[in-house]
Amino acid sequence: MSLQNLFHSVASGPKKRRELLTPVGLTVFGGSLAVVILGGLLTDRWLQLQGIPRGPASVVSGSILLSIGAVICGWCVLRFFESRGTPVPFNPPEELIQTGLYGKMRNPMLTGVFLALFGVGLLIGSFSMVLIWTPGYILLHVLELKLVEEPELERRFGPAYAEYRRRVPMFFPRLWRPGRSKGTG
């Protein structure tokens, strides 16, 4: 069974099974975050990197990124709960969320996580976390989204998801609309 079929069978299957697998998904997600943080620290040590100089710029930048990421993630979790689901792909809401941040970007939860990871990397002074581990984590998520989650969502929601994917960018909101020149409303 492919990962796409597994996600689809669980996400569209009985509620009891979705609820039982939610902690598994949370554990995998939490473990992946720990790997990025520990991987960055261990790689810095292994490569004998001095680290990002700790000063006001790195502390303020890291704090801002971490805070923005945490607020975005918190909003997403609340929105998923309001829709009777969780951010875990095994137990998603039954409806396609297209409002709020989800009207501006398809994956605001991951955008928040990525920002928070860059923030943590700056706060702990890890070059490897900022330059290797977090970008690698982002790349793996893009691949997982393109190969597993997006095909599953299109299978579950049909043309509505295909249109949403065409219209809304993956991680970062557009500052302008395509086909419109600057200065036009």
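K.L.:
When you look at the packing of helix 5 (residues 127-157) against helix 6 (residues 159-167) in this model, what are you seeing that I'm missing?
P.N.:
When two helices pack together, you describe them by how their axes are tilted relative to each other and by the distance separating the axes. Between helix 5 and helix 6, whose axes approach to 6 Å, the crossing angle comes to 135°. As judged from the angle between their axes, helix 5 and helix 6 are oblique. In contact with Glu150, Leu153, Glu154 and Phe157 of helix 5, helix 6 contributes Pro159, Ala160, Tyr161, Ala162 and Arg165. Looking at the contact of helix 5 with helix 6 residue by residue, the classes come out as six nonpolar, no polar and three charged.

K.L.:
Whenever I open this one, the packing of aromatic side chains confuses me. Can you help?
P.N.:
The relative placement of two aromatic rings is captured by the distance of their centres and the angle of their planes. Throughout the structure, instances matching the rule amount to five aromatic pairs. Pairing Phe114 with Tyr137 gives two aromatic rings, centres 6.2 Å apart and planes at 90°, and the pair type is edge-to-face. Of the two residues, Phe114 sits in helix 4 (residues 108-124) while Tyr137 sits in helix 5, which places them 23 residues apart along the sequence. Note on accessibility: Phe114 and Tyr137 belong to one class, buried. An angle of 55° between the planes, with centres 5.9 Å apart, marks the rings of Tyr161 and Tyr164 as tilted. Of the two residues, Tyr161 and Tyr164 both sit in helix 6, three residues apart, roughly one turn of that helix. An identical accessibility class is assigned to Tyr161 and Tyr164; each is buried.

K.L.:
Help me understand unusual backbone geometry, please; the structure alone is not making it clear to me.
P.N.:
When glycine is set aside, most residues are seen to have a negative phi, and most peptide bonds are trans. In the Ramachandran plot, Gln48 falls in the positive-phi region, its phi being about 55° despite a non-glycine side chain. Within the secondary structure, Gln48 is located in the loop between helix 2 (15-46) and helix 3 (56-82). Owing to a relative accessible area of 65%, Gln48 belongs among the exposed residues under this scheme.

Rules used in this analysis
Counting of residues starts from 1 at the beginning of each chain's written sequence and follows it residue by residue. The predicted origin of the model limits local features to residues at a pLDDT of at least 70 and limits the giving and counting of side-chain atom pairs to 80 or more, whereas totals for whole chains, interfaces and linings rest on all residues. Only hydrogens and water are removed before side-chain values are computed, so all heavy atoms of the structure are retained for them. Axis angles are defined between N-to-C directions and span 0 to 180 degrees, where every axis is a line fitted to C-alpha atoms and, for a helix, only to the segment in contact. Each helix is a run of DSSP H or I of at least 4 residues and each strand a run of E of at least 2, with the numbering of both proceeding from the N terminus. Should an angle fall under 35 degrees it is taken as roughly parallel, and over 145 as roughly antiparallel, whereas 65 to 115 is taken as roughly perpendicular and any remaining angle as oblique. Contacts: residue pairs with any heavy atoms within 4.5 Å of one another. Note on residue classes: Ala, Val, Leu, Ile, Met, Phe, Trp, Tyr, Cys and Pro are nonpolar, Asp, Glu, Lys and Arg are charged, and everything else, Gly too, is polar. Two rings from Phe, Tyr or Trp (for Trp, the six-membered ring) form a pair when their centres are within 6.5 Å of each other. A pair whose planes differ by under 30 degrees is stacked, one over 60 is edge-to-face, and the rest are tilted. A 1.4 Å probe rolled over the protein chains alone gives each residue an accessible area, and that area as a share of the maximum for its type sets the label: buried under 20%, exposed over 50%, partly exposed in between.

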